[in-house]
Structure formats: C-alpha cells, structure tokens
Amino acid sequence: GSLPARTGSHHMQLQEDPPVGVSGAPSENNIMQWNAVIFGPEGTPFEDGTFKLVIEFSEEYPNKPPTVRFLSKMFHPNVYADGSICLDILQNRWSPTYDVSSILTSIQSLLDEPNPNSPANSQAAQLYQENKREYEKRVSAIVEQSWNDS
C-alpha cells in the first residue's frame, strides 16, 4: 500500500540499498509501527543471532525519536528486561536526520560495544566487565534462542 502523504517522508523508508545485517519494514496494518531484524555482528558473541525488534513512531517523528525495543530475548548491558534499549541517539542525542537504518545500525554496533557505564542490565554489565567467558556463554544462549523465535 502507498503511504499517506503526511508520513510519506523518505525518513521512514530504509534506503534502496539497506545496510548489511539489518532490515525493517512497516507492519501490515500500521505504518507507524515497524518490525525490524538485526543480525548479530560477525566476529562477536552475537554472531549468527537474528534479533527481532519493534519500532514505534509517534506523531512527532522525526522531531522525537521512535521507541525501539527487542522482541527477542536479549542479554546485554544496555538492554532492559522488557527489551527497551538504553542508547543515547534514542534519547538525548536524537537528531531528525536519523532514519530507520541508522537507528538499526547504531543498535547493531551497540551489541558489540556496550556502554557498561549506564547499565540497563546490571548483571550483564558486571559479567561483561568481570567474567567475559560467562558473559559470552549467556549471549550464545540468547543467540540460539533467537533462531527458534523466527
């Protein structure tokens, strides 16, 4: 279906040539809600994971950031138990120039480069800093779980 004029801005589309490892599309009955998938970055404990997210745009987009959360189970220092993500560009560092693909690529790089200083999941942050092997074990568990979700 074609987009209503009001929201038909190029902002809400992924580029013709979407970035590697992320994808997103509006859900069938609500173009303000997008379903997205992030593939875990290669060479990281998240590799091979296919993590589903939902992106919800408000009427105020692109002046206000969308709400983004993981639907797939996630174990990461900056992801809350309910799947919401602690990421500066989704909060105070938001800019209307960000589009869906830049949001998703930022989240993808956050997977491998967490910010343990503002933990959303203190257990994950602690393991990340103090016990990498256990951290990676927990991550590979959610990677395997992500295949069953899809």
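Residues numbered from 1 in each chain as written. Predicted model: local features only at pLDDT ≥ 70, side-chain atom pairs only at ≥ 80, totals over all residues. Heavy atoms only, no water.

Chemist: What should I look at first to understand the overall build of the chain in this one?
Modeler: A count of helices and strands for the chain gives three helices and four strands. Taking all 150 residues of the chain together, the buried fraction comes to 42%. Residue pairs at least 24 apart in sequence account for 53% of intrachain contacts in the chain once pairs closer than 6 positions are excluded. With an accessible surface of roughly 8,400 Å², the chain has 46% of that area assigned to carbon and sulfur atoms. (Helix = DSSP H or I, 4+ residues; strand = E, 2+ residues; numbered from the N terminus. Buried < 20%, exposed > 50% of the residue type's maximum accessible area, 1.4 Å probe, protein only. Contact = heavy atoms within 4.5 Å. Areas by Shrake-Rupley, 256 points an atom, 1.4 Å probe, with all protein chains shown as cover.)

Chemist: Whenever I open this one, the layout of surface pockets confuses me. Can you help?
Modeler: Taking a probe equal in size to a water molecule and rolling it over the atoms shows the remaining empty space. For the largest pocket, the calculated volume is near 210 Å³. Lining the largest pocket are 15 residues, and of these Lys73, Met74, Phe75, Ala81 and Ile142 lie nearest its centre. If you tally residues by element for the lining of the largest pocket, the top one is helix H3 (residues 132-149), at three residues. Across the lining of the largest pocket, the residue classes break down as nine nonpolar, three polar and three charged. (1 Å grid on protein atoms, 1.4 Å probe; cavity = no way out; pocket = protein on both sides within 12 Å on 5 of 7 lines; lining within 4 Å. Points joined across faces, edges and corners; volume = space filled by probe spheres on them. Nonpolar A, V, L, I, M, F, W, Y, C, P; charged D, E, K, R; others polar.)

Chemist: Sorry if this is basic, but what is going on with helix H1 (residues 100-112) here?
Modeler: Each α-helix turn comprises 3.6 residues. Residues three or four places apart therefore point the same way. Given a rise of 1.5 Å per residue, 13 residues ought to cover 18 Å, and the 19 Å separating the end C-alpha atoms of H1 matches this to within 8%. The set of residues buried in H1 consists of Val100, Ser101, Ile103, Leu104, Ile107, Gln108, Leu110 and Leu111. Here the buried face of H1 lies against strand S1 (22-27), strand S2 (30-39), strand S3 (50-56), strand S4 (67-70) and H3. (Expected span 1.5 Å × (residues − 1).)

Chemist: In this structure, what is going on with the pairing of S2? I would like to understand it.
Modeler: Looking along a regular strand, one sees side chains alternate from face to face of the sheet. Relative to S2, S1 is paired through six bridges, and the arrangement is antiparallel. The residue of S2 that forms the bridge with Gly24 is Ala36. A loop of two residues connects S1 with S2, the two strands running antiparallel in sequence. As paired strands, S2 and S3 are joined by seven bridges and run antiparallel to one another. Along S3, the bridge assignment pairs Ala36 with Leu53. (Pairing = 2+ DSSP bridges.)

Chemist: Please explain the pattern of salt bridges as it appears in this structure.
Modeler: A side chain of one charge can pair with a side chain of the opposite charge if their charged atoms are brought near each other. The full count for this structure, using the stated rule, is three salt bridges. Between Lys64 and Glu60 there is a salt bridge, and its shortest N-O distance comes to 2.9 Å. Lys64 sits in the partly exposed class, given a relative accessible area of 41%. A salt bridge links Arg93 to Asp88; the nearest nitrogen and oxygen atoms lie 3.0 Å apart. Under the relative-accessibility criterion, Asp88 is labelled partly exposed at 32%. (Salt bridge = Lys/Arg side-chain N within 4 Å of Asp/Glu carboxyl O.)

Chemist: Help me understand the packing of aromatic side chains, please; the structure alone is not making it clear to me.
Modeler: One pair of aromatic rings is described through two measures. These are the centre distance and the angle between the planes. All chains considered together, the criterion is met by eight aromatic pairs. A ring pair is formed by Tyr128 and Tyr135, whose centres lie 5.2 Å apart and whose planes are at 75 degrees; its orientation type is edge-to-face. Residue classification places Tyr135 among the buried positions, given a relative accessible area of 2%. Feature note: the residues Trp34, Phe57, Tyr61, Trp94 and Tyr98 constitute an aromatic cluster, connected by ring pairs. Positioned above the aromatic ring of Tyr128, the side-chain terminus of Lys132 is 4.3 Å from the ring centre. Its end group placed over the ring of Phe75, Arg138 keeps NZ or CZ at 4.2 Å from the ring centre. (Phe/Tyr/Trp six-rings, centres within 6.5 Å; stacked < 30°, edge-to-face > 60°. Lys NZ or Arg CZ within 6 Å of the ring centre and 35° of its normal.)

Chemist: Looking at this structure, how should I read the UniProt feature "active site" (unreviewed entry) in the chain?
Modeler: In the numbering used here, UniProt assigns the feature "active site" (unreviewed entry) to Cys86. Leaving out residues up to four positions away in the same chain, Cys86 has contacts with Asn78, Tyr80, Gln91, Leu110, Ser118 and Ala120. (UniProt positions renumbered as here; feature names shortened; annotations may be inferred.)

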